Amino acid sequence: MALLKLNRLDEAQAAARRLMEAFPTYTLTLQRQINPWRDKVFAERYVEALGISGVPE
């Protein structure tokens, strides 16, 4: 999310690829299920950033 806010999409995508290599079953749906944040608006922004970066639904 921070990399996207800094307009560093290439780096955000690289980070998402590394995440998917380490956790190949990780998805946006899973992130929503295990959401650790009480702030639902922040949580959805985080998930949105993951999706833009390349994490699958």
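Here the structure is a predicted model, which means the values were calculated and not measured.

## Here's the deal with the pattern of salt bridges
Taken as a whole and judged by the stated rule, the model has three salt bridges. A salt bridge links E44 to R32; its shortest N-O distance comes to 3.5 Å. Residue E44 is located in helix α4 (residues 40-53), and its partner R32 is located in helix α3 (residues 28-33); the two are separated by 12 residues in the primary sequence. Overall, R32 belongs to the partly exposed group, its relative accessible area being 36%. Ionic pairing is found between E57 and R32, a salt bridge with its closest N-O pair at 2.6 Å. Highlighted residues: E57 in the segment after α4 and R32 in helix α3, separated in sequence by 25 residues. The exposure class assigned to E57 is exposed, which follows from its relative accessible area of 54%. Residues joined by salt bridges that share partners form a network here, namely R32, E44 and E57.

Cut-offs used in this document
- Residues numbered from 1 in each chain as written.
- Predicted model: local features only at pLDDT ≥ 70, side-chain atom pairs only at ≥ 80, totals over all residues.
- Heavy atoms only, no water.
- Salt bridge = Lys/Arg side-chain N within 4 Å of Asp/Glu carboxyl O.
- Helix = DSSP H or I, 4+ residues; strand = E, 2+ residues; numbered from the N terminus.
- Buried < 20%, exposed > 50% of the residue type's maximum accessible area, 1.4 Å probe, protein only.

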